[in-house]
Amino acid sequence: MTKPIAENRRARYDYFIEETFEAGIMLTGTEVKSLRVGRANIAESYASVEGRVIKLINADIPPYGHANRFNHEPRRHRTLLLHKKQIEKLIGAVQRDGRTLIPLKLYWNEKGLAKLEIGLAKGKKNHDKRETEAARDWQRDKARLMKGDRGD
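Residues numbered from 1 in each chain as written. Predicted model: local features only at pLDDT ≥ 70, side-chain atom pairs only at ≥ 80, totals over all residues. Heavy atoms only, no water.

1. Some remarks on the packing of aromatic side chains
Tallied over the entire structure, the rule returns zero aromatic pairs. Stacked on the ring of W108, the Lys or Arg R36 has its end atom at 3.9 Å from the ring centre. (Phe/Tyr/Trp six-rings, centres within 6.5 Å; stacked < 30°, edge-to-face > 60°. Lys NZ or Arg CZ within 6 Å of the ring centre and 35° of its normal.)

Written as structure tokens, this is what we have:
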């Protein structure tokens, strides 16, 4: 695997990634040119099942500057290219188990094709910040009381 074009670093923080898949992406000519320059953002994107097809939604590939007349829509839905068994497995996991398809990394493979690493994920339980803040405030107050300063 070569250097990534775009990464979704927050995905590993927000989700438990159970399994990863490598998928191709159906791109137009200007999207390929924009990716060659290294401009893309998948941080806010996700993959969705539409019928028997898996699509990448909300991935931002900005327009290519030298092709204004024939440019593409930056946030259009892009079809992901996977093997039939992989598609069936992903559709089953999403519909049956409630899993989420998260784009992790967009990169060029050794053959020069744009690939997307997607993860089959389960959401993490978000921790409650109120407990942490209450403990921190208590430590501060306790230190102040031990010192003899009551904050008057």
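2. A few points about the pattern of salt bridges
Taken as a whole and judged by the stated rule, the model has eleven salt bridges. Taking the shortest distance from any N to any O, the salt bridge between D14 and R10 comes out at 3.3 Å. Given a relative accessible area of 52%, R10 falls into the exposed group. As a salt-bridge pair, K89 and E19 come within 2.9 Å of each other at their nearest N and O atoms. With K89 in helix α3 (residues 84–97) and E19 in strand β2 (residues 15–25), the pair connects residues that are 70 residues apart, well separated along the chain. Take K89: its relative accessible area is 42%, and that puts it in the partly exposed class. E19 gets classed as partly exposed once you look at its relative accessible area, which sits at 28%. (Salt bridge = Lys/Arg side-chain N within 4 Å of Asp/Glu carboxyl O. Buried < 20%, exposed > 50% of the residue type's maximum accessible area, 1.4 Å probe, protein only. Helix = DSSP H or I, 4+ residues; strand = E, 2+ residues; numbered from the N terminus.)

3. Quick word on the nonpolar core
Among the nonpolar cores identified, the biggest contains 25 residues, and I54, L80, L82, L90, L106 and L116 are the most heavily contacted of them. Those residues in contact with L116, other than ones at most four positions away along the chain, are F21, E22, A23, I25, I42, L56, L80, P103, K105 and L106. (Core = buried A, V, L, I, M, F, W, Y, C linked by side-chain atoms within 4.5 Å. Contact = heavy atoms within 4.5 Å.)

4. With respect to the environment of I5
Its location among the elements puts I5 in strand β1 (residues 4–7). Judged by relative accessible area, I5 falls into the buried class, the value being 16%. For the pair formed by I5 and S48, sequence separation is 43 residues and the distance between their alpha carbons is 21 Å. Residue contacts for I5: discarding those within four places in its chain leaves L35, G38, A40, L106, Y107 and W108.

5. Looking at the pairing of strand β4 (residues 53–57)
Relative to β4, strand β3 (residues 46–50) runs antiparallel, the two being bridged by five bridges. Looking across to β4, one finds that A47 is bridged to L56. Relative to strand β5 (residues 78–81), β4 is paired through two bridges, and the arrangement is antiparallel. Across the sheet, L56 pairs through a bridge with R78, a residue of β5. (Pairing = 2+ DSSP bridges.)

6. Thoughts on unusual backbone geometry
One non-glycine residue with positive phi stands out, namely N58, at about 70°. Within the element layout of this structure, N58 appears in the loop between β4 and β5. Given the relative accessible area of 24%, N58 is considered partly exposed.

7. Comments concerning helix α2 (residues 29–37)
For α2, every residue scored as buried is listed here: T30, E31, S34 and L35. The buried residues of α2 all sit within an arc of 140° when viewed along its axis, so they share a single face. Where α2 is buried, its residues meet β1, β5, β6 (100–108) and β7 (114–123). Looking one or two places after α2, you find G38, whose phi comes out positive at around 95°. (Arc of directions from axis to C-beta.)

8. Some thoughts on the confidence of the model for the chain
Summarising the model, the chain shows a mean pLDDT of 83, and 90% of its residues fall at 70 or more. The least confident element of the chain, judged by mean pLDDT, is α2 at 81; the most confident is β4 at 91. (pLDDT = per-residue confidence, 0-100.)

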